[in-house]
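Close look at the chain arrangement
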Amino acid sequence: MPSKSRPSPPVTKPGLHPRNRFRGRYDFPALIACSSALKEFVSRNAYGDDSIDYGNPAAVKALNQALLRHGYGLEHWDLPTGYLCPPIPGRSDYLHYVADLLADGNALPRGTEVSVLDLGVGANCVYPLIGASEYGWRFVGTEVDSLALEWATGLVAANPKVRDLIALRHQPARTQCFQGVMQPGERFTVSICNPPFHESAEAAAAGSRRKQRNLTGRAVAKVQLNFGGTHSELWCPGGELAFVERMISQSARVPQLCQWFTSLISKGEHLRPLERQLEQVGAKQVRVLEMAQGQKQSRVLAWSFY
């Protein structure tokens, strides 16, 4: 009696934005053709499709390099050891939803008239690199970590396609979002932020072990998360909720700085207290943009004092 074959996974990744360049299955032959370093990590999975081991940090980095080159024409991208290696489809989704927010039912905003403030640009610099490539927006990225800032600066310089659209600045104070890096009279169309998720180093390590276990199907004694991450990228006192509460409070002191302030919010239960705070500080518009990537649910919280 013939054995039953496993059903193939869906052709598109559920939940991703309709404009996301990576909604379909990865075209690994095309990705390898433009980035040969990916080849050694590609093999057949249980469905008989080409794939990589997403528990292998080197494989994830090679995939990101190929996606950025194939999807956006970004020739150079790399990371220092231990820094956050972000999932490119999810990061690009944030920018697509922000574009929809700015369009508000009209034509998508493209070109240098749109200026974006990226709070915590990171060593990976993916939001400015993708946003400048996809939409032609101008970016200012801020960063507290000197090595991350140095690395991001190198990435911008190594990609002439977007070099003139991205400026990077050091934020000397870890507890400040806007003060200390803004220039007199400076205004932005929108700010974006991917805040630290965890409340402590211990919580970050536990989360990393859970993700590693989900990826590999086994417990791990030593954390080696495929996406990496440093202290400032993964955790801060009070975690995501405290960080965004501080961001909201500080945005109310510079209400005209951005037409829209936004932040990723990974935990749905954080929305209620944040929305209450936005009402208290006098935000005139508040929107929640729901996002998803497979089983992972997320959202963007956006607010404006205009």
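Residues numbered from 1 in each chain as written. Predicted model: local features only at pLDDT ≥ 70, side-chain atom pairs only at ≥ 80, totals over all residues. Heavy atoms only, no water.

**What to know about the overall build of the protein chain**
Looking only at helices and strands, the protein chain features nine helices and nine strands. For the protein chain, with 306 residues in total, the buried portion stands at 48%. Within the protein chain, counting contacts between residues at least 6 apart in sequence, those at least 24 apart form 69% of the total. As presented, the protein chain carries roughly 14800 Å² of accessible surface, and 50% of it is formed by carbon and sulfur atoms. (Helix = DSSP H or I, 4+ residues; strand = E, 2+ residues; numbered from the N terminus. Buried < 20%, exposed > 50% of the residue type's maximum accessible area, 1.4 Å probe, protein only. Contact = heavy atoms within 4.5 Å. Areas by Shrake-Rupley, 256 points an atom, 1.4 Å probe, with all protein chains shown as cover.)

**Focus: the sheet that holds strand 3 (residues 115-119)**
In spatial order, the strands read 5-4-3-6-7-9-8; together these seven strands make up an open sheet with mixed pairing. Because the sheet does not close on itself, it has two edges, and the strands there are strand 5 (166-170) and strand 8 (285-293). Between one strand and the next, the sheet's axes are offset by a mean angle of 20°, whatever the strand orientation. The pairing of strand 8 with strand 9 (residues 296-304) spans nine bridges and is antiparallel. Within strand 9, the position partnered with R287 by the bridge is A302. (Pairing = 2+ DSSP bridges. Axes fitted to C-alpha atoms, helices over the stretch in contact; angles between N-to-C directions.)

**A closer look at the environment of G82**
Note on placement: G82 falls in the loop between helix 2 (57-72) and helix 3 (88-103). Put simply, G82 and P57 are 25 residues apart on the chain and 9.7 Å apart in space, counted from C-alpha to C-alpha.

**Notes on the packing of aromatic side chains**
Applying the stated rule across the entire model yields eight aromatic pairs. For the ring pair Y26 and F28, a centre distance of 5.9 Å and an interplane angle of 85° mean the geometry is edge-to-face. Measuring from centroid to centroid gives 6.0 Å for F261 and F305, while their planes differ by 75°, and the two rings are edge-to-face. In this pair, F261 is assigned in strand 7 (residues 258-265) and F305 in the segment after strand 9, connecting sequence segments 44 residues apart. Residue class for F261 comes out buried when judged on its relative accessible area of 0%. On the basis of relative accessibility, which here comes to 8%, the residue F305 falls in the buried class. Chaining the aromatic ring pairs together yields one cluster made of F178, F261, W303 and F305. (Phe/Tyr/Trp six-rings, centres within 6.5 Å; stacked < 30°, edge-to-face > 60°.)

**Some remarks on the confidence of the model for the protein chain**
Detailed reading of predicted coordinates is not advised where the pLDDT is low. Within the protein chain, residue pLDDT values average 87, and 83% of them lie at 70 or more. In this model residues 1-10 is a low-confidence stretch, pLDDT under 50, and it forms nine contacts with partners more than four residues away in sequence or in other chains. The model gives residues 203-216 a pLDDT under 50, and that stretch makes 23 contacts with residues more than four places away or in other chains. (pLDDT = per-residue confidence, 0-100.)

**Here's the deal with helix 8 (residues 239-251)**
If you check helix 8, its first and last C-alpha atoms are 18 Å apart, about what 13 residues at 1.5 Å a residue would give, namely 18 Å. Those residues of helix 8 that sit buried are G239, E240, F243, V244, M247, I248, Q250 and S251. The inward-facing, buried residues of helix 8 abut strand 3, strand 6 (188-193), strand 7, helix 9 (271-280) and strand 9. (Expected span 1.5 Å × (residues − 1).)

**Let's talk about the packing of helix 8 against helix 9**
In contact at an axis separation of 10 Å, helix 8 and helix 9 are set at 15° when each is read in the N-to-C sense. Taken as axis vectors, helix 8 and helix 9 run roughly parallel relative to one another. As helix 8 packs across helix 9, the resulting crossing turns out to be right-handed. Residue-level inspection shows L241, V244, E245, I248 and S249 of helix 8 in contact with helix 9, the latter providing P273, L274, Q277 and L278. Looking at the contact of helix 8 with helix 9, its residues break down into six nonpolar, two polar and one charged. (Parallel < 35°, antiparallel > 145°, perpendicular 65-115°, else oblique. Left-handed = near helix turned anticlockwise from the far one by under 90°. Nonpolar A, V, L, I, M, F, W, Y, C, P; charged D, E, K, R; others polar.)

**Let's talk about the pattern of salt bridges**
The full count for this structure, using the stated rule, is seven salt bridges. Between R21 and E134 there is a salt bridge; the shortest N-O distance is 2.8 Å. With a gap of 113 residues between them, R21 in the segment before helix 1 (28-34) and E134 in helix 4 (residues 126-135) connect regions that are remote in the sequence. Classification of R21 by relative accessible area gives partly exposed; the value is 47%. (Salt bridge = Lys/Arg side-chain N within 4 Å of Asp/Glu carboxyl O.)

**Thoughts on the environment of Y26**
Structurally, the position occupied by Y26 is in the segment before helix 1. Classification of Y26 by relative accessible area gives buried; the value is 17%. Here the alpha-carbon distance between Y26 and S51, two residues 25 residues apart in the chain, equals 8.2 Å.

**Notes on the pairing of strand 4 (residues 138-143)**
With five of six residues buried, strand 4 lies mostly within the body of the structure. In terms of handedness, the path from strand 3 via helix 4 over to strand 4 forms a crossover that is right-handed. Two elements, strand 4 and strand 5, share five bridges in a ladder whose sense is parallel. Counterpart to T142 in the pairing with strand 5 is R169. Handedness of the β-α-β unit built from strand 4, helix 5 (residues 146-157) and strand 5 comes out right-handed. (Right-handed = clockwise from strand over helix to strand, strands pointing away.)

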